[in-house]
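What follows is each chain in one-letter form.
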Amino acid sequence: MGLEEHIKHVQAGIAEAARAAGRDPASVTLLAATKTQSSDTIRAAIAAGITACGENRVQELTAHLAEDAYRGAELHFIGHLQTNKVKYVVGKVALIHSVSSDKLLRAIAAQADKLGLVQDILLEINLAGEASKSGFAPEEAPAAARLAAALGGVRLRGLMCIPPVARHSGENFHHFRALRQLAVDIRREMVDNNRDMDVLSMGMSGDYRDAVAAGSTCVRVGSALFGPRPSVPPEG
Ligand SMILES: *Cc1c(COP(=O)(O)O)cnc(C)c1O
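Cut-offs and rules
Residues numbered from 1 in each chain as written. Predicted model: local features only at pLDDT ≥ 70, side-chain atom pairs only at ≥ 80, totals over all residues. Heavy atoms only, no water. Helix = DSSP H or I, 4+ residues; strand = E, 2+ residues; numbered from the N terminus. Contact = heavy atoms within 4.5 Å. Areas by Shrake-Rupley, 256 points an atom, 1.4 Å probe, with all protein chains shown as cover. Core = buried A, V, L, I, M, F, W, Y, C linked by side-chain atoms within 4.5 Å. Buried < 20%, exposed > 50% of the residue type's maximum accessible area, 1.4 Å probe, protein only. Polar contact = N/O pair within 3.5 Å; in protein donor to acceptor, adjacent residues only side chain to side chain. Near = heavy atom within 4 Å. Nonpolar A, V, L, I, M, F, W, Y, C, P; charged D, E, K, R; others polar. Salt bridge = Lys/Arg side-chain N within 4 Å of Asp/Glu carboxyl O. Pairing = 2+ DSSP bridges.

Student: Go over the overall build of the chain with me, naming the residues and quoting the values.
Tutor: Helix and strand counts for the chain come out as eight helices and eight strands. If you line up the chain on its principal axes, its C-alpha atoms span 50 × 40 × 30 Å. Looking at the chain alone, contacts between residues at least 24 apart form 59% of all its contacts between residues at least 6 apart. Here the chain has roughly 11,000 Å² of accessible surface; of this, 51% comes from carbon and sulfur atoms.

Below, the structure is given as structure tokens:
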């Protein structure tokens, strides 16, 4: 299968999982996780029907932007973001999925203020308490949401999670349900902000069907579209 067939296959999987859960397939965005891909591959994915791209690394984002690779698609940031690099991301992407600390939240809000814009964001939640991953603990999330609501430069759109890699289907379903419930609880508490909180970013190549079944509105899929990636060292 080539890229186009992979995209069709994943789109069909999303639609099937959505219908099985009584959901409208159009309520789920397929976000292509484009890390390590070339600008030409990104352009080919967009030509084949991808409407949203997610980048992990500031360096790749900047390089692809310079080559106008994302034309025709919405651009999101989904990777670990260091506070000293927010200036390369804020105002350049429609949504930052990976806001993982109060410090980062404040830095994004400050940069957005400086640019005179409002940056849409998600809070990244470390559901399984994995030491290797960033993100707010579930019990920290309501306070982070209140902070986001109090800061002028950001608009909280929802929650995101990266659970452990699923080894078999169904394995991460309970994590996805937990993220959905956390979003419901926060939304209920934040009466002023509840209309804006409509995004649940969850599900990757190995578990996007389970994520859709549990209520995902945005699955971030890389290898199921582009094939396996070479391993890359973390960004310094
Ligand atoms: C790479 C990546 C994905 C996609 O992973 P696959 O398993 O290749 O689908 C999703 N979310 C984030 C944050 C990623 O870094």
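Student: Would you mind going over the nonpolar core in detail, with residue names and values included?
Tutor: Counting residues in each nonpolar core, the largest one holds 65 residues, and the members touching the most others are Ile-108, Ile-121, Leu-123 and Leu-159. Leave out the neighbours within four places in its chain, and Ile-108 touches Leu-81, Val-86, Val-90, Ile-96, Val-99, Gln-119, Ile-121 and Val-154. Grouped together as the second largest cluster of nonpolar side chains are five residues, Leu-31, Ala-33, Ala-52 and Cys-218 included.

Student: Quick one: what's the story with the side chain of Ser-39, residue by residue and with numbers?
Tutor: Within the secondary structure, Ser-39 sits in helix α2 (residues 39-47). Since its relative accessible area comes to 6%, Ser-39 is described here as buried. Within the structure, Ser-39 has its side chain in polar contact with the side chain of Glu-67 (distance 2.5 Å). With near-sequence residues (within four places) excluded, Ser-39 lies in contact with His-64, Glu-67 and Ala-69.

Student: Would you mind going over the site of the ligand in detail, with residue names and values included?
Tutor: Around the ligand, the neighbouring residues are Ala-33, Lys-35, Asn-56, Ile-78, Ile-162, Met-204, Ser-205, Arg-220, Val-221, Gly-222, Ser-223 and Arg-229. A distance of 2.7 Å separates an oxygen atom of the ligand from a polar atom in the side chain of Lys-35. In the environment of the ligand, an oxygen atom lies 2.7 Å from a nitrogen or oxygen atom belonging to the side chain of Asn-56. The fraction of the free accessible surface of the ligand (390 Å²) that becomes covered by protein chains is 89%. Here the residues of the shell around the ligand are counted per class, giving five nonpolar, four polar and three charged.

Student: Any details on the pattern of salt bridges? Residues and values, ideally.
Tutor: The final tally for this structure, using the stated rule, is eleven salt bridges. For Arg-43, the salt bridge goes to Asp-40, with nearest N and O atoms at 2.8 Å. Of this pair, Arg-43 and Asp-40 both sit in helix α2, separated by three residues, roughly a single helical turn. The class of Arg-43 is partly exposed, set by a relative accessible area of 33%.

Student: Give a description of the pairing of strand β8 (residues 218-221) that names residues and reports values.
Tutor: Where a strand is regular, its side chains alternate between the two sheet faces. Across the two faces of β8 the burial is the same, with Cys-218 and Arg-220 and Val-219 and Val-221 all buried. Bridge count between strand β1 (residues 29-33) and β8: four bridges; the pairing is parallel. From the neighbouring strand, Ala-32 faces β8, where its bridge partner is Val-221.

Student: Residues and numbers for unusual backbone geometry, please.
Tutor: For Thr-36, which is not a glycine, the phi torsion comes out positive at approximately 70 degrees. One can find Thr-36 in the loop between β1 and α2. Notably, Asp-68 is not glycine yet its phi reads approximately 55 degrees, a positive angle. By the secondary structure assignment, Asp-68 is in the loop between α3 (58-66) and β3 (74-77). Since its relative accessible area comes to 37%, Asp-68 is described here as partly exposed.

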